[in-house]
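Residue-level structural notes
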Amino acid sequence: MTDFLILDVFSDVPFAGNQLAVIPDALGVPEDQMQRIAREFNFSETTFVLPPDDPAHTARVRIFTPMTEVPFAGHPFIGTAVALASLGRGPEMVFELGVGPLPCRAEGGKASFSTDVPLTRSHSPEAKVIAECLGLEATDVRTDRVAPIMAGLGLEFAFAELASQDALDRAAPVTDRFRAAAERYPGPLDFAIMAYVRNGTSVDARMFAPLDNIPEDPATGSAAAALTALLADADGADLSLRITQGVMMGRPSLIETQAKLGGGVTVSGHAVQTATGRLTLP
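Residues numbered from 1 in each chain as written. Predicted model: local features only at pLDDT ≥ 70, side-chain atom pairs only at ≥ 80, totals over all residues. Heavy atoms only, no water.

A few words on the overall build of the protein chain. Across its full length, the protein chain holds six helices and 17 strands. Radius of gyration (C-alpha) of the protein chain: 18 Å, near the 19 Å computed for a compact globule of 282 residues. Counting only C-alpha atoms, the protein chain reaches 55 × 40 × 30 Å along its principal axes. Relative to its 282 residues, the protein chain shows a buried fraction of 54%. Nonlocal contacts in the protein chain, meaning residues at least 24 apart in sequence, comprise 65% of its contacts between residues at least 6 apart. Of the accessible surface of the protein chain, which amounts to about 11700 Å², a share of 49% is contributed by carbon and sulfur atoms. If the 21 positive side-chain charges of the protein chain are averaged to one point and the 35 negative ones to another, these points end up 1 Å apart. (Helix = DSSP H or I, 4+ residues; strand = E, 2+ residues; numbered from the N terminus. Rg over C-alpha atoms; globule rule 2.2 N^0.38 Å. Buried < 20%, exposed > 50% of the residue type's maximum accessible area, 1.4 Å probe, protein only. Contact = heavy atoms within 4.5 Å. Areas by Shrake-Rupley, 256 points an atom, 1.4 Å probe, with all protein chains shown as cover. Lys, Arg positive; Asp, Glu negative; His and termini not counted. Charge placed at Lys NZ, Arg CZ, Asp CG, Glu CD.)

This part is about the pairing of strand 10 (residues 149-152). The two faces of the sheet receive side chains in turn, since in a regular strand these alternate between them. Residues Ile149 and Ala151 line one face of strand 10 and the alternating positions Met150 and Gly152 line the opposite face, and both faces are buried. Judged from the four bridges that link them, strand 10 and strand 11 (residues 156-161) form a sheet pairing that is antiparallel. Looking at the pairing, glycine 152 lines up with glutamate 156 of strand 11. Between strand 10 and strand 11, which follow one another and run antiparallel, lie three residues, and glycine 154 among them has a positive phi close to 100 degrees. (Pairing = 2+ DSSP bridges.)

Tracing the chain through its elements places histidine 75 in helix 2 (residues 74-86). Looking at histidine 75, its side chain comes within polar contact range of the side chain of glutamate 45, at 3.0 Å. Discounting residues that sit within four places of it in the chain, histidine 75 has contacts with Val9, Phe10, Asn18, Gln19, Leu20, Ser44, Glu45, Ala219 and Gly221. (Polar contact = N/O pair within 3.5 Å; in protein donor to acceptor, adjacent residues only side chain to side chain.)

Turning our eyes to something else, we now look at the pattern of salt bridges. Using the criterion set out here, one finds 20 salt bridges in the structure. Residue glutamate 69 pairs with arginine 62 through a salt bridge whose shortest N-O separation is 2.8 Å. For arginine 62, a relative accessible area of 13% corresponds to the buried category. A network of salt bridges, in which partner residues are shared, links Arg142, Asp144, Arg145 and Glu161. (Salt bridge = Lys/Arg side-chain N within 4 Å of Asp/Glu carboxyl O.)

A word on the nonpolar core. Counting residues in hydrophobic clusters, the biggest one holds 61 residues, and the most contacted among them are Phe95 and Phe159. With nine residues, helix 6 (residues 221-235) is the largest single contributor of residues to this core. When neighbours within four sequence positions are excluded, phenylalanine 95 is seen to be in contact with Thr58, Ala59, Val61, Phe77, Thr80, Ala81, Leu84, Gly100, Pro101, Leu102 and Cys104. By size, the runner-up hydrophobic cluster in this structure holds 25 residues, among which are Ala131, Leu136, Ala158 and Ile193. (Core = buried A, V, L, I, M, F, W, Y, C linked by side-chain atoms within 4.5 Å.)

Looking now at the pairing of strand 1 (residues 2-9). Within strand 1, seven of the eight residues are buried, which leaves the element mostly enclosed by the surrounding structure. In this structure, strand 1 lies alongside strand 17 (residues 265-279), joined through eight bridges in antiparallel fashion. Paired with leucine 7 across the two strands is glutamine 273, which belongs to strand 17. Bridge count for strand 1 against strand 2 (residues 18-23) is five bridges, and the pairing is antiparallel. Looking across to strand 2, one finds that leucine 7 is bridged to leucine 20.

Our next topic: the side chain of glutamate 96. With respect to the helices, strands and loops of the structure, glutamate 96 is situated in strand 6 (residues 92-97). At 2.9 Å, the side chain of glutamate 96 and the backbone nitrogen of aspartate 54 are in polar contact. A distance of 2.8 Å separates the side chain of glutamate 96 from the side chain of histidine 57, its partner in a polar contact. Not counting chain neighbours up to four residues away, the residues in contact with glutamate 96 comprise Pro52, Asp53, Asp54, His57, Ala59, Arg60, Val61 and Pro101.

In short, geometric facts, not functional conclusions.
Pasting the structure below:
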C-alpha cells in the first residue's frame, strides 16, 4: 500500500485549478510502475517524491504526464510543495528535478519558486499552422507584437497571441493538425500550444497538448513562466502578470508570475488538497 494525495493547484478553492496526484513517499514504488500509475490517475501530471541525492535538499521529485516523464513543470512543483509543507516539511524546501535543484517556499496553502534557467527559443511556427491546430483562421493569430514561437524554461511550448477573447474562446484542438505540426517543428513535447490574449498585466490563456493526452490543461505553470519571460523580453522591462487559465473547462485557475529582464522568473499560486488514498501495487 502506498499513500497518495490529490490537490487542485493554482486555486484556493476545491474543484478548480489543475488536478495533481502526489505520492509523498515513493521509495517503495517500482520505477517501471511510475508511468503506469500516472496513466491510471490520468491527470496532466503525477509526482513521485523520493529521498534527495544531496542530504541538504528536501527531496528528489519525478514528474510524469500520462505519456512520459518531464524534467520540470510548474503546477506539479507548486502542488508538491504545498503537499509536503502540509506534512511538516516546509516552509523552505529544495527539490531536485530534471533541470537541477530548485528552491521554493510553501506556507498557508500557497507556494512560490524562482528559476534562473535561461529562456530558450527554437522554431517559429507560421500563424497558419497555429490556426489550423486550433481550428481558427490565420487572421485570429497575432504576429504584430510577439509572433508565434516555440520557447521554454526547460520545457518548450508553442506560444501564440490571439487577436481577441472570442478567438481564444473558439479555439479547439485539431489532433491531426497537431500531429503534422509536431513532425514539422519537433521538440521535447509533442507541439503543445499555449494560446493567449493579453491586456496589460492580465493574460487569459489556454494550453492544448492533445498528442500528450492533454486535450486542454487547466493550469500550466511552466508555460506561464516561459510566457512571462518571453513578454518581458518583448517589452524590454521587468514584468508581473496574473494569468487566468482553465475558465472554458470550468476549472478556473490563477497563476501569478514575475520576470526580470535578462533572466529570472518567479511563479506563485495556491493549492488545496481534495482527497487522500492508497494505491495497491502489483
